[in-house]
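# Examination of the molecular architecture
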Amino acid sequence: MNPTPPPTRSSIRTATTDDARPVAALQIASWRAAYRLDLPETYLQSLDLEARSGRWRDLIARPEIEVLLAEDPDGLVGFAAFGPARDSDLDPAGTAQLYNLHVDPTRWRRGTGSDLWNAMIERLGGRWAELALWVLPTNRRARAFYERRGLNPDGGRQREPLAPGVAFDEIRYRGALPPRPASATE
Ligand SMILES: CC(C)(COP(=O)(O)OP(=O)(O)OC[C@H]1O[C@@H](n2cnc3c(N)ncnc32)[C@H](O)[C@@H]1OP(=O)(O)O)[C@@H](O)C(=O)NCCC(=O)NCCS
């Protein structure tokens, strides 16, 4: 039997454009581990670090998007990207969206995803009333993680094309965000 790994606390900070390359590398590693049964192997192997780094440089630079990094002494171990909801049926003033949440697959179930989640909720609570995100129905690990944190499927479905003949069929999760604490002033 494998021993349970000890929880590791990571430190959280906001990404800068200099972080784009490690973020892209971690996302590729996470996709290859998490989606190996959902996406063709040839597509997963074709994911290009340079192209993805450029995309992350642009995303991190956008003022409406926040990218949080979880780091330990060895470097990046996870990241979360979030901002206003992008779906046409949601009000971006009232609903935030978690666009990406990825933890280094060698570090799953050690608390990093929870650290990122808690830091994100702290930033979103009071600014938005609810949070939405898209997830693959087969992604049981992520769905359980979100359900334990109060989100549930809201009936939304979409097909996101990734490449010719390759797509993500996703379902939407949604849940309330905590109100601003009574003591908070701004
Ligand atoms: C989903 C994901 C972000 C979760 O990250 P994580 O770092 O594994 O999350 P945590 O370790 O904080 O929590 C996972 C579970 O392990 C538990 N856990 C954490 N440390 C633990 C430990 N030392 N021993 C036993 N269990 C532990 C947590 O309590 C949690 O269970 P809960 O949800 O019932 O509370 C991660 O699995 C991932 O990156 N998946 C691939 C990408 C993905 O699917 N992203 C979501 C796309 S929508």
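Structure report, in brief. (Residues numbered from 1 in each chain as written. Predicted model: local features only at pLDDT ≥ 70, side-chain atom pairs only at ≥ 80, totals over all residues. Heavy atoms only, no water.)

### Focus on the sheet that holds strand β6 (residues 152-163)
The sheet built from seven strands is open, its strands ordered β1-β2-β3-β4-β5-β7-β6 with mixed pairing. Two strands in the sheet have a free side with no partner beyond their single neighbour: β1 (11-14) and β6. Here the strands of the sheet are splayed against their neighbours by 25 degrees on average, with no regard to which way each runs. Judged from the six bridges that link them, strand β5 (residues 130-135) and strand β7 (residues 166-176) form a sheet pairing that is antiparallel. Opposite L131, over in β7, you have G175 as the bridge partner. Here helix α1 (residues 20-34) sits on the sheet in contact with β2 (66-72), β3 (75-84), β4 (95-103), β6 and β7, set at roughly 95 degrees to β3. (Pairing = 2+ DSSP bridges. Helix = DSSP H or I, 4+ residues; strand = E, 2+ residues; numbered from the N terminus. Axes fitted to C-alpha atoms, helices over the stretch in contact; angles between N-to-C directions. Contact = heavy atoms within 4.5 Å.)

### Quick word on helix α5 (residues 140-147)
Those residues of α5 lying buried are A142, F145 and Y146. Projection of α5 onto a plane perpendicular to its axis shows the buried side chains occupying an angular sector of 95 degrees, all on one side. Those residues of α5 hidden inside the fold are in contact with β4, α4 (112-124), β5 and β7. (Buried < 20%, exposed > 50% of the residue type's maximum accessible area, 1.4 Å probe, protein only. Arc of directions from axis to C-beta.)

### Overview of the nonpolar core
Ranked by internal contacts, the top residues of the largest apolar core, which has 25 residues, are L98, W117, M120, L124, L131 and Y146. Of all the elements, α4 adds the most residues to this core, at six residues. In terms of nonpolar packing, the next biggest core, distinct from the first, is built from 13 residues, A15, A20, L69 and F79 among them. (Core = buried A, V, L, I, M, F, W, Y, C linked by side-chain atoms within 4.5 Å.)

### Points about the site of the ligand
Neighbouring the ligand are 25 residues; L101, R109, G113, S114 and N139 lie closest to it. Within the backbone of L101, a nitrogen or oxygen atom sits 2.7 Å from a nitrogen atom of the ligand. G113 places a polar main-chain atom, nitrogen or oxygen, 2.8 Å from an oxygen atom of the ligand. For the shell around the ligand, the elements supplying multiple residues, two or more each, are α1, β4, α4, β5 and α5. Here the shell around the ligand gets four residues from one element, more than from any other, and that element is α5. (Near = heavy atom within 4 Å. Polar contact = N/O pair within 3.5 Å; in protein donor to acceptor, adjacent residues only side chain to side chain.)

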